[in-house]
Amino acid sequence: MKFHLAINMERLSPEVDMPTVERHTLDMVKMADEGGFYIVWAAEHHALEMTIAPNPFQILTWWAAHTSRIRLGTGVVVAPYWHPINVAGEAALLDIYSDGRLEFGIGSGAYQREFDRMHPNLKQSEGYRYMQEMLPAVKALWAGDYAHDGEFWSFPTATSVPKPLQQPHPPVWVAARAPVTYDYAVKHGCNIMSWPLTRPMTEVETYLQRLETALEENPGKSRPIFSAMRHTCVYDSADQWTVPVEAAIRQLGQFENLFKNRGGVDNGFPAAIDLASVANRNEYDRQMLHDNLLFGTPDGVIQKLNQYRDLGVDHFIYYASLGLGLKEQKRSLELFIEKVIPEFDHTD
């Protein structure tokens, strides 16, 4: 099993200064580079202090300059906010700057609030159609001259300048939950990033079954890499279990606000809605969060990861950004590198 790190620059209040966040994030990335992580992922979000990521290519270029081994993933480029020619050129340039370390992740976007500002009148649930049109266009632009006449974009003959260092193109990943996206991933040779949120392991099993169904319905297609992402925190002693749980509850209240467009955002800081008021409030029970997320002592985390491996999860994505204190984040990553990773064969 290989391990990835997903990390955002995040400010949960105006009292946290940006230079501190910037230094902390880079420190975490460098630790992952030196500690055996395979990929680090940078997100794309807009006008939100909890995920400061207006351009994943720019973030990854920054990280590329401070790392030597770890691969660099866009997690993800939000297709409805971009033009295919922009995406192709920026991705290829990053691949060159990083000496061929780009992992190209593309998706449809998460928050209706962002759609209302970045692509007005588009429902988040329709974003996948833009992703499905964009990816073939980007791959064609990487290959050479290409003209496009589609539903969402049209342009005369153009090409990607520069071309990516990796040929025929960098590895492609899609963020997948719905069956239609699993089918698309198998058809187009895309690896899969899944996020079961706070739900139990049965959600991971559901996603794996969707992958198996897509493979059955597309005979002859290769099985892609399947990864699962969870909020992760490793701590020294079991009595610390409430620290990441309380941090997660605070952040998940903001997430529900943005995902369902139910609350306000003040100068980039989302309000946390009362989780007791949401229909899926049972997903935020404290004990359930401890059990379902990758929270625990090193031994407990190893036991949980064995469940993912036994189910057929190829790669695990350690999601570091959950509103945890900076000191706790670094200690968690130290423990994961020192005591968890060595227990797994991550050479495959």
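Everything here concerns the structure above.
In this text, all values refer to a predicted model and were calculated from it rather than measured experimentally.

Caption draft 1: Structural context of a nonpolar patch on the surface. Side chains of Leu93, Ile96, Tyr97 and Leu165 sit close together on the surface and give an oily, nonpolar patch of about 380 Å² of accessible area. By the secondary structure assignment, leucine 165 is in the loop between strand S7 (154-158) and strand S8 (172-175). The exposure class of leucine 165 is partly exposed, given its relative accessible area of 47%.

Caption draft 2: Just the pattern of salt bridges, in detail. Scanning the model with the defined rule gives 13 salt bridges in all. We note a salt bridge from lysine 187 to aspartate 183, for which the minimum N-O separation is 2.7 Å. Placement of both lysine 187 and aspartate 183 in helix H6 (residues 179-188) is noted, with a separation of four residues, approximately one turn of the helix. Ionic pairing is found between aspartate 236 and arginine 331, a salt bridge with its closest N-O pair at 2.7 Å.

Caption draft 3: Region of interest: the packing of aromatic side chains. Summed over all chains, the structure comprises 19 aromatic pairs. On the basis of an interplanar angle of 70 degrees and a centroid distance of 5.9 Å, the ring pair of tyrosine 111 and phenylalanine 255 is categorised as edge-to-face. In this pair, tyrosine 111 is assigned in the loop between strand S5 (102-107) and helix H4 (112-118) and phenylalanine 255 in helix H8 (residues 242-260), connecting sequence segments 144 residues apart. The residues tyrosine 111 and phenylalanine 255 share a single accessibility class, namely buried. Its guanidinium or amino end placed over the ring of tyrosine 38, lysine 2 lies 4.1 Å from that ring's centre, counting from NZ or CZ.

Caption draft 4: Focus on the nonpolar core. Of all hydrophobic cores here, the largest spans 84 residues; its most connected members are Phe37, Trp63, Phe104, Phe226, Leu305, Tyr308 and Phe336. If we ignore the near neighbours within four places in the chain, the residues touching leucine 305 are Met1, Phe3, Leu294, Phe316, Phe336, Val340 and Phe344. Within the second largest apolar cluster, 17 residues are counted, among which are Ala248, Leu275, Met288 and Leu324.

Definitions and limits used
- Residues numbered from 1 in each chain as written.
- Predicted model: local features only at pLDDT ≥ 70, side-chain atom pairs only at ≥ 80, totals over all residues.
- Heavy atoms only, no water.
- Patch = residues over 30% accessible without salt bridge, like charges linked within 9 Å, V, L, I, M, F, W, Y side chains within 5 Å.
- Areas by Shrake-Rupley, 256 points an atom, 1.4 Å probe, with all protein chains shown as cover.
- Salt bridge = Lys/Arg side-chain N within 4 Å of Asp/Glu carboxyl O.
- Helix = DSSP H or I, 4+ residues; strand = E, 2+ residues; numbered from the N terminus.
- Buried < 20%, exposed > 50% of the residue type's maximum accessible area, 1.4 Å probe, protein only.
- Phe/Tyr/Trp six-rings, centres within 6.5 Å; stacked < 30°, edge-to-face > 60°.
- Lys NZ or Arg CZ within 6 Å of the ring centre and 35° of its normal.
- Core = buried A, V, L, I, M, F, W, Y, C linked by side-chain atoms within 4.5 Å.
- Contact = heavy atoms within 4.5 Å.

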